[in-house]
Amino acid sequence: MSQALLREYPDLATAIDIYDAWIRLEMRRKRQPGLAVGLVHGGELLWGKGYGVANMESGREVDLDTRFRIASISKTFTAVAILQLRDSGAFQLDDPVAEHLDFFDLRYPGAPAITIRNLLTHTSGLPRDAHRPMWTECDAPDRDEFLRALPDRQPTRAPWHQFAYSNFGFSLLGLVVQQVSGLTWAEYLEQYILQPLGMKETRPVPARDDPRLATGYSRISDDDARQPMPFFLMNGFEASANCASSIRDLAKYAAFHLSDADNPALSPHSLRDMHRVHWLDDKWQGGYGLGSALYKQGDWTIGGHGGGYPGYLTGFTLCREHDFGIILLTNALGSAPQEYIKQGYQLVVPELVKARSAPASEPDPAWNQYLGEYFHDWGCDKVVIRDGKLQILSLDALDYPPVTLEPTETEHVFTLCEAGASNETARFELDEAGNAVKLWQRNEYAFRRA
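Not measured: the values here are computed from a predicted model.

Caption draft 1: Fine view of the overall build of the protein chain. Along the protein chain, the regular secondary structure elements total 11 helices and 18 strands. The C-alpha atoms of the protein chain give a radius of gyration of 25 Å, which matches the 22 Å a tight globule of 450 residues would have. Taken along the three principal axes of its C-alpha coordinates, the protein chain extends 80 × 50 × 40 Å. By the burial criterion, 54% of the 450 residues in the protein chain qualify as buried. Pairs at least 24 apart in sequence give 61% of the contacts found in the protein chain among residues at least 6 apart. Carbon and sulfur atoms form 49% of the exposed surface of the protein chain, whose accessible area is close to 19800 Å². Within the protein chain, the 60 negative side-chain charges are centred at a point lying 2 Å from the centre of the 44 positive side-chain charges.

Caption draft 2: Representation of helix H6 (residues 167-181). The first and last C-alpha atoms of H6 sit 21 Å apart over 15 residues, in line with the 21 Å expected at 1.5 Å per residue. With 11 of its 15 residues buried, H6 lies for the most part within the structure. Among all positions of H6, only Asn167, Phe168, Gly169, Phe170, Ser171, Leu172, Leu173, Gly174, Leu175, Val176 and Val177 are buried. For H6, the secondary structure elements touched by its buried residues are helix H3 (74-87), helix H4 (116-121), helix H5 (143-149), helix H7 (185-194), helix H8 (238-241) and strand S6 (286-288). Gly182 lies just past H6 and shows a positive phi near 80°.

Caption draft 3: Region of the structure containing the packing of helix H2 (residues 10-30) against helix H11 (residues 337-357). Where H2 contacts H11, the two axes come as close as 9 Å, and the packing angle between them is 170°. In terms of their interaxial angle, H2 and H11 are classed as roughly antiparallel. Mapping the contact onto sequence places Asp11, Leu12, Ala15, Ile16, Ile18, Tyr19, Trp22, Ile23, Glu26, Met27 and Lys30 in H2 and Glu339, Tyr340, Ile341, Gln343, Gly344, Leu347, Val348, Glu351, Leu352 and Lys354 in H11.

Caption draft 4: Just the packing of H3 against helix H9 (residues 247-258), in detail. H9 packs onto H3 with a crossing angle of 45° between their chain directions and a minimal axis gap of 13 Å. When the interaxial angle is binned, H3 and H9 end up oblique. Between H3 and H9 lies a crossing of left-handed hand. Contact with H3, carried on its side by Thr76, Phe77 and Val80, involves Leu250, Tyr253, Phe256 and His257 of H9 and no other residues of that element. Split into classes, the residues belonging to the contact of H3 with H9 amount to 5 nonpolar, 2 polar and no charged.

Caption draft 5: Focus on the sheet that holds strand S14 (residues 403-407). Strand order in the closed barrel formed by 8 strands is S11-S12-S13-S14-S15-S16-S17-S18, and the pairing between neighbours is antiparallel. Strand-to-strand, the axes of this sheet are offset by a mean angle of 30°, without reference to chain direction.

Quick notes on the rules
Residues numbered from 1 in each chain as written. Predicted model: local features only at pLDDT ≥ 70, side-chain atom pairs only at ≥ 80, totals over all residues. Heavy atoms only, no water. Helix = DSSP H or I, 4+ residues; strand = E, 2+ residues; numbered from the N terminus. Rg over C-alpha atoms; globule rule 2.2 N^0.38 Å. Buried < 20%, exposed > 50% of the residue type's maximum accessible area, 1.4 Å probe, protein only. Contact = heavy atoms within 4.5 Å. Areas by Shrake-Rupley, 256 points an atom, 1.4 Å probe, with all protein chains shown as cover. Lys, Arg positive; Asp, Glu negative; His and termini not counted. Charge placed at Lys NZ, Arg CZ, Asp CG, Glu CD. Expected span 1.5 Å × (residues − 1). Axes fitted to C-alpha atoms, helices over the stretch in contact; angles between N-to-C directions. Parallel < 35°, antiparallel > 145°, perpendicular 65-115°, else oblique. Left-handed = near helix turned anticlockwise from the far one by under 90°. Nonpolar A, V, L, I, M, F, W, Y, C, P; charged D, E, K, R; others polar. Pairing = 2+ DSSP bridges.

Written as structure tokens, this is what we have:
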């Protein structure tokens with residue numbers, strides 16, 4: 001279906017081609033080791049690609065099967081597990097946590113009991129992380145240490161008083177899953193989520209020696225280098241951030257979250273409940289569902305979850321309104337996955353909307369010889385066909401409007417149509433074989449990438 005859709009709507013394929021070129025440029029700018037991206041639509045992977053290397057020492061390349069630590073995207077799996085158990089009648093979301101964890105007695109003075117829903121929505125008032133430096137020392141407490149420290153992890157505010165992100169709270173949800181189901185958190189995910197969805201390559205408990213696991217790297221240091229980050233497991237905090245997965249597997253997971261059809265993992269009614277706002281921020285621009293963050297990008301509501309782990313920054317995002325998702329996995333700190341995700345939505349979703357509402361236009365087939373990337377000292381321009389028009393856009397400034405090229409009576413010469421500029425011309429210079437090699441704009445030129 002995906003390739004047929006791209007053939008039928010060339011502007012959609014062009015938008016993805018622009019996205020691909022922009023990602024390559026950003027990778028060079030940020031000097032990122034590796035990155036993998038997937039676009040999901042219509043129940044499948046519409047397009048995906050790996051960039052750079054999974055391991056800087058060996059040069060092993062990233063592909064769609066490379067596994068990354070997905071960090072807090074793991075919370076969405078924990079939330080699905082909780083909703084499955086809720087649907088089975090094991091408990092209600094507004095049950096006090098203490099009803100299902102007999103060792104749990106944390107409570108803000110004079111306030112109502114902390115509920116399962118409070119943990120799911122980060123409104124419990126509980127602390128964010130461990131009782132010792134888990135992230136800076138890359139060493140998470142095991143379950144026994146987690147439980148021993150529990151009495152000292154008192155909430156700092158009453159439930160529902162304020163949203164306050166808590167890995168600690170989601171780790172307690174993992175203990176609820178274990179207590180109610182009789183399985184460990186990892187066993188439960190395998191049996192009731194991963195296997196039913198055909199996610200054979202996702203690992204709730206990753207292995208240090210996994211040959212498909214990308215190595216995670218530090219930020220660029222003052223001496224212009226990146227260092228491998230230590231491998232460690234989340235142990236007692238596993239339900240908040242432990243999983244590893246790939247683009248291909250997460251595309252299946254995204255298709256599950258985007259669908260309103262019956263599926264073997266969770267009812268469509270509970271899925272909708274998961275992705276609606278249960279906590280709204282003060283400015284009404286976003287909030288949190290049940291294990292799913294929600295925010296606005298223009299007129300669209302985006303759900304899903306980001307993730308940060310020593311050596312990895314990730315994003316798993318869904319626009320249910322347009323049956324579209326973007327998954328972005330990186331293996332270095334400082335890699336800004338939200339920038340890549342935002343640009344993907346800006347480029348691709350408008351073309352999906354257009355594809356559903358208007359017939360594809362018929363551009364001049366002769367323009368195909370000009371398409372490509374043209375480099376000069378000031379940046380990189382890309383020549384594309386969109387909306388039936390030949391256009392030049394800057395990969396360095398994609399928010400700027402494209403320049404439209406209007407044909408003239410002279411072959412390979414076009415009028416530059418852009419606001420705030422006189423109607424000068426652009427000319428494509430061809431070599432003896434008829435290939436475009438330069439793009440002249442006014443009296444300056446750029447070389448086409450071979």
